[in-house]
Amino acid sequence: MSDTAARPPANAYLLLVLTTLSWGANAVAAKMSVGELSPMLLTMLRWLGVFILLAIFARGRVAAEWPVLRRHWGRIFVMGALGFSVFNTLMYVAAEHTQAVNIGILQGAIPIFVLLGALAAYRTPVGGVQIVGVAVTMVGVALVASKGDFQRLAAFELNRGDVLIVFACMLYAGYTVALRNRPPLSGITMFAGLATAAFLTSIPLAGYEYLAGDFRAPTAKAWAIVAFVVVFPSFLAQIAFLLAVDQVGPGRAGVFVNLVPIFAAVLSVAVLGEAFHLYHALALALVLGGIAIAERFKH
């Protein structure tokens, strides 16, 4: 085999960088949406937009695989509800209480939650060095949640937004673990099913928000934010990730997800002008270092 044939295509890595850049930018978009429209409405509009785009571009593939999709609809519905709809809602609600840089760094803990979820669900072996990696990442998460003062943890003086993000990450990790036994569907059809479930379950959430008196109609700026999260983090990034996985495999593609907290931190400072404290830098190093340790020595 020639070197050219053995070498993964460079455009796959470009797709992965653009994907993780879009996902990192989603934390910034979440913060920018505060005061512009209510968070549950943003979730509903996000997945409505994705549903419409998929209905236009993927309807033929979905129709061809409809019998399989229908047979596994219950499982896909739950995965889309928790992994997409509730996850996004918690992120957008959290943005009203915490910095975008915190949202990005805390999302970096998702791979560790996936490792723990795989252990609980499938008894996937976890070695001693991996446990060290988990512990290092959790220290990083605690550093962000306590704003660099661990006495806050002892006194339970935690930022509500940071707690919501950690819980959201646990839900997304559960969704990721469930993908291990995903139905025999193409990536685009699976995504269409998940996005449809996310849209359907976001409707009652937005309805609750309205009845509770927390509804905020979108401003002109809000519509621009909605358009961005629909087109980039939700639609193009997902398609790009599917294409990249087909070219380089899930293992190599998964490593690039570790860029999300880095991009989120950089964009939060550059776009929003948020303060980047020493404890943010230490937390980012601990979160990514812990993931590196866990991934390096996984079975």
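Scoring rules and cut-offs
Residues numbered from 1 in each chain as written. Predicted model: local features only at pLDDT ≥ 70, side-chain atom pairs only at ≥ 80, totals over all residues. Heavy atoms only, no water. Helix = DSSP H or I, 4+ residues; strand = E, 2+ residues; numbered from the N terminus. Rg over C-alpha atoms; globule rule 2.2 N^0.38 Å. Buried < 20%, exposed > 50% of the residue type's maximum accessible area, 1.4 Å probe, protein only. Contact = heavy atoms within 4.5 Å. Areas by Shrake-Rupley, 256 points an atom, 1.4 Å probe, with all protein chains shown as cover. Lys, Arg positive; Asp, Glu negative; His and termini not counted. Charge placed at Lys NZ, Arg CZ, Asp CG, Glu CD. Salt bridge = Lys/Arg side-chain N within 4 Å of Asp/Glu carboxyl O. Axes fitted to C-alpha atoms, helices over the stretch in contact; angles between N-to-C directions. Parallel < 35°, antiparallel > 145°, perpendicular 65-115°, else oblique. Left-handed = near helix turned anticlockwise from the far one by under 90°. Nonpolar A, V, L, I, M, F, W, Y, C, P; charged D, E, K, R; others polar. Patch = residues over 30% accessible without salt bridge, like charges linked within 9 Å, V, L, I, M, F, W, Y side chains within 5 Å. 1 Å grid on protein atoms, 1.4 Å probe; cavity = no way out; pocket = protein on both sides within 12 Å on 5 of 7 lines; lining within 4 Å. Points joined across faces, edges and corners; volume = space filled by probe spheres on them. pLDDT = per-residue confidence, 0-100. Core = buried A, V, L, I, M, F, W, Y, C linked by side-chain atoms within 4.5 Å. Expected span 1.5 Å × (residues − 1).

**Remarks on the overall build of the protein**
Line of reasoning, step 1. In terms of helices and strands, the protein carries 15 helices and 0 strands.
Line of reasoning, step 2. Against the globule reference of 19 Å for 299 residues, the protein gives a C-alpha radius of gyration of 19 Å, in line with a compact fold.
Line of reasoning, step 3. Its C-alpha atoms give the protein principal-axis dimensions of about 60 × 55 × 35 Å.
Line of reasoning, step 4. Here the protein holds 299 residues, and the buried ones make up 48% of them.
Line of reasoning, step 5. Long-range pairs, those at least 24 residues apart, make up 89% of the contacts in the protein between residues at least 6 apart in sequence.
Line of reasoning, step 6. Looking at the protein as shown, the accessible area adds up to about 13,900 Å², and 70% of this sits on carbon and sulfur atoms.
Line of reasoning, step 7. Side chains of the protein carry 19 positive and 12 negative charges; the gap between the two charge centres is 10 Å.

**Structural notes on the pattern of salt bridges**
Line of reasoning, step 1. Applying the stated rule across the entire model yields 2 salt bridges.
Line of reasoning, step 2. Between Arg-61 and Glu-65 there is a salt bridge whose closest N-O contact spans 3.2 Å.
Line of reasoning, step 3. Overall, the relative accessible area of 14% leaves Glu-65 in the buried class.
Line of reasoning, step 4. Among the ionic pairs, Glu-96 bridges to Arg-216, the shortest N-O distance being 2.5 Å. Taken together, the residues Glu-96 in the loop between α6 (73–94) and α7 (100–107) and Arg-216 in the loop between α12 (187–211) and α13 (220–256) connect sequence positions 120 residues apart.

**What about the packing of helix α2 (residues 10–32) against helix α14 (residues 259–272)?**
Packed helix pairs are specified by the crossing angle of their axes together with the interaxial distance, meaning the distance between the axes.
Line of reasoning, step 1. Where α2 meets α14, the closest approach of the two axes is 8 Å, and the angle between their N-to-C directions is 45°. Considering their axes alone, α2 and α14 lie oblique with respect to each other. The crossing of α2 and α14 is right-handed. Contacts between α2 and α14 involve Val-17, Thr-20, Leu-21, Trp-23, Gly-24, Ala-25, Ala-27, Val-28, Lys-31 and Met-32 on the former and, on the latter, Leu-259, Val-260, Phe-263, Ala-264, Leu-267, Ser-268, Val-271 and Leu-272.
Line of reasoning, step 2. Looking at the contact of α2 with α14 residue by residue, the class counts come to 14 nonpolar, 3 polar and 1 charged.

**Observations concerning a nonpolar patch on the surface**
Line of reasoning, step 1. On the surface, Phe-51, Ile-52, Ile-56 and Phe-57 cluster together into a nonpolar patch covering about 400 Å² of accessible area.
Line of reasoning, step 2. With respect to the secondary-structure elements, Ile-56 resides in helix α3 (residues 39–57).

**Things to note about the layout of surface pockets**
By rolling a water-sized probe across the atoms, one finds the places where empty space is left.
Line of reasoning, step 1. Roughly 160 Å³ of internal volume is contained in the second largest pocket.
Line of reasoning, step 2. Of all elements in the fold, only α3, α4 (59–64), α5 (66–71) and α12 reach the threshold of two or more residues within the lining of the second largest pocket.
Line of reasoning, step 3. In terms of residue class, the lining of the second largest pocket is made up of 8 nonpolar, 2 polar and 1 charged.

**Some points on the confidence of the model for the protein**
Line of reasoning, step 1. Here the protein averages 88 in pLDDT, while 93% of its residues score no lower than 70.
Line of reasoning, step 2. Below a pLDDT of 50 lies the segment residues 1–6, which in the model reaches 1 contact outside its immediate sequence neighbourhood of four places, other chains included.

**Here we look at the nonpolar core**
Line of reasoning, step 1. In terms of nonpolar packing, the biggest core is built from 71 residues, with Trp-47 and Leu-54 touching the most fellow members.
Line of reasoning, step 2. Once residues lying within four places of it in the same chain are set aside, the contact partners of Trp-47 are Phe-84, Ser-85, Asn-88, Phe-191, Ala-195, Ala-198 and Phe-199.
Line of reasoning, step 3. One finds Ala-12, Ala-237, Phe-241 and Val-248 within the second-largest nonpolar core, a separate group that totals 10 residues.

**A closer look at the environment of Pro-39**
Line of reasoning, step 1. When you line up the elements, Pro-39 lands in helix α3.
Line of reasoning, step 2. Sequence spacing of Pro-39 and Asp-214 is 175 residues, and the spatial spacing of their C-alpha atoms is 9.3 Å.
Line of reasoning, step 3. The contacts of Pro-39, once residues within four sequence positions are left out, are Tyr-92, Val-93, Glu-96, Glu-209 and Arg-216.

**Thoughts on helix α9 (residues 128–145)**
Residues spaced three or four apart along an α-helix point in a common direction, a consequence of the helix completing one turn every 3.6 residues.
Line of reasoning, step 1. Across its 18 residues, α9 extends 26 Å between first and last C-alpha, which sits within 8% of the 26 Å expected from 1.5 Å per residue.
Line of reasoning, step 2. Taken together, the buried positions of α9 are occupied by Gln-130, Gly-133, Val-134, Thr-137, Gly-140, Val-141, Ala-142, Leu-143, Val-144 and Ala-145.
Line of reasoning, step 3. Directly beyond the C-terminal end of α9, a positive phi value near 55° is found at Lys-147.

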